[in-house]
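Residues per chain, in single letters:
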Amino acid sequence: MQLRQFAQAKETQIGSYIYMDNPFTGYIEGTCGPHARLRVPSDDPYEPKQLWLKTRWDYLGQGFSQRMVDGICGSTIWDEQGKVPGFFGYAPKSGRFTDWCMCISIG
């Protein structure tokens, strides 16, 4: 699939199909999950403004957490139209969100 453009966070729908391919895990299919926000801590005493990133939790399938390796952060995630709604950011290896990943969304 040729990637066409970035997709705004508001364009993604829960349950839509998403895809990721990288040299570490290979091709993976998943589904869009709920939108969220991630607080960016600031240790600058002169800039008290709180910064937030738009994120989304995506389900990447049973067993994904077992195949996950270092190096996949920043991998492109795309949808069926070839739009890029975000990039792989983080995935827990155990606990409640096993097999889910936090995707950093585009604006």
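Structural data are supplied above this passage.
Everything numeric in this text was worked out from a predicted model, so none of it was measured. (Residues numbered from 1 in each chain as written. Predicted model: local features only at pLDDT ≥ 70, side-chain atom pairs only at ≥ 80, totals over all residues. Heavy atoms only, no water.)

Quick notes on the overall build of the chain
So, point 1. Regarding its fold elements, the chain presents 1 helix and 9 strands.
So, point 2. Reading the chain from its N end, one meets helices and strands in the order β-β-β-β-β-α-β-β-β-β.
So, point 3. In terms of overall size, the chain behaves like a compact globule, its C-alpha atoms giving a radius of gyration of 14 Å where 107 residues would be expected to give roughly 13 Å.
So, point 4. Based on the C-alpha atoms only, the size of the chain along its principal axes is roughly 45 × 30 × 25 Å. (Helix = DSSP H or I, 4+ residues; strand = E, 2+ residues; numbered from the N terminus. Rg over C-alpha atoms; globule rule 2.2 N^0.38 Å.)

Overview of the packing of aromatic side chains
So, point 1. All chains considered together, the criterion is met by 7 aromatic pairs.
So, point 2. Taken together, the ring pairs in this structure connect Trp57, Tyr59, Phe97 and Trp100 into an aromatic cluster. (Phe/Tyr/Trp six-rings, centres within 6.5 Å; stacked < 30°, edge-to-face > 60°.)

Digging into the pairing of strand β6 (residues 76-79)
So, point 1. Sheet topology places strand β2 (residues 17-22) next to β6; 3 bridges connect them, and they run antiparallel. The residue bridging methionine 20 from the neighbouring strand is isoleucine 77, located in β6. (Pairing = 2+ DSSP bridges.)

With respect to the side chain of threonine 12
So, point 1. Along the chain, threonine 12 falls in the loop between β1 (5-6) and β2.
So, point 2. Residue classification places threonine 12 among the buried residues on the basis of a relative accessible area of 10%.
So, point 3. At a separation of 2.8 Å, a polar atom in the side chain of threonine 12 contacts the main-chain carbonyl oxygen of alanine 9.
So, point 4. At a separation of 3.2 Å, a polar atom in the side chain of threonine 12 contacts the side chain of histidine 35.
So, point 5. Leaving out residues up to four positions away in the same chain, threonine 12 has contacts with Cys32, His35, Arg56 and Pro85. (Buried < 20%, exposed > 50% of the residue type's maximum accessible area, 1.4 Å probe, protein only. Polar contact = N/O pair within 3.5 Å; in protein donor to acceptor, adjacent residues only side chain to side chain. Contact = heavy atoms within 4.5 Å.)

Structural notes on the side chain of serine 105
So, point 1. Note that serine 105 resides in strand β9 (residues 100-105).
So, point 2. When residues no more than four places from it in sequence are discounted, the contact partners of serine 105 are Ala9, Lys54, Thr55, Arg56, Pro85 and Gly86.

Points about the nonpolar core
So, point 1. Core analysis: the biggest nonpolar cluster contains 13 residues, and Met20, Leu60, Phe64, Ile77 and Phe88 have the highest contact counts within it.
So, point 2. Mapped by element, the contributors of at least two residues to this core are β2 and β9.
So, point 3. Setting aside its immediate chain neighbours within four residues, phenylalanine 88 contacts Met20, Leu60, Phe64, Met68, Ile72, Cys73, Gly74, Ser75, Ile77, Cys101 and Met102. (Core = buried A, V, L, I, M, F, W, Y, C linked by side-chain atoms within 4.5 Å.)

Points about the pattern of salt bridges
So, point 1. Under the criterion given, the structure shown has 2 salt bridges.
So, point 2. Between lysine 83 and glutamate 11 there is a salt bridge, with its nearest N and O atoms 3.3 Å apart. Taken together, the positions of lysine 83 in strand β7 (residues 83-84) and glutamate 11 in the loop between β1 and β2 put the pair 72 residues apart, joining distant regions of the chain.
So, point 3. On the basis of relative accessibility, which here comes to 18%, the residue lysine 83 falls in the buried class.
So, point 4. Salt-bridge contacts for aspartate 58 lead to arginine 56; the nearest nitrogen and oxygen are separated by 2.6 Å.
So, point 5. A residue is classified by how much of its surface remains accessible, and aspartate 58, at 0% relative accessible area, is buried. (Salt bridge = Lys/Arg side-chain N within 4 Å of Asp/Glu carboxyl O.)

Digging into the environment of glutamine 81
So, point 1. By the secondary structure assignment, glutamine 81 is in the loop between β6 and β7.
So, point 2. Given a relative accessible area of 46%, glutamine 81 falls into the partly exposed group.

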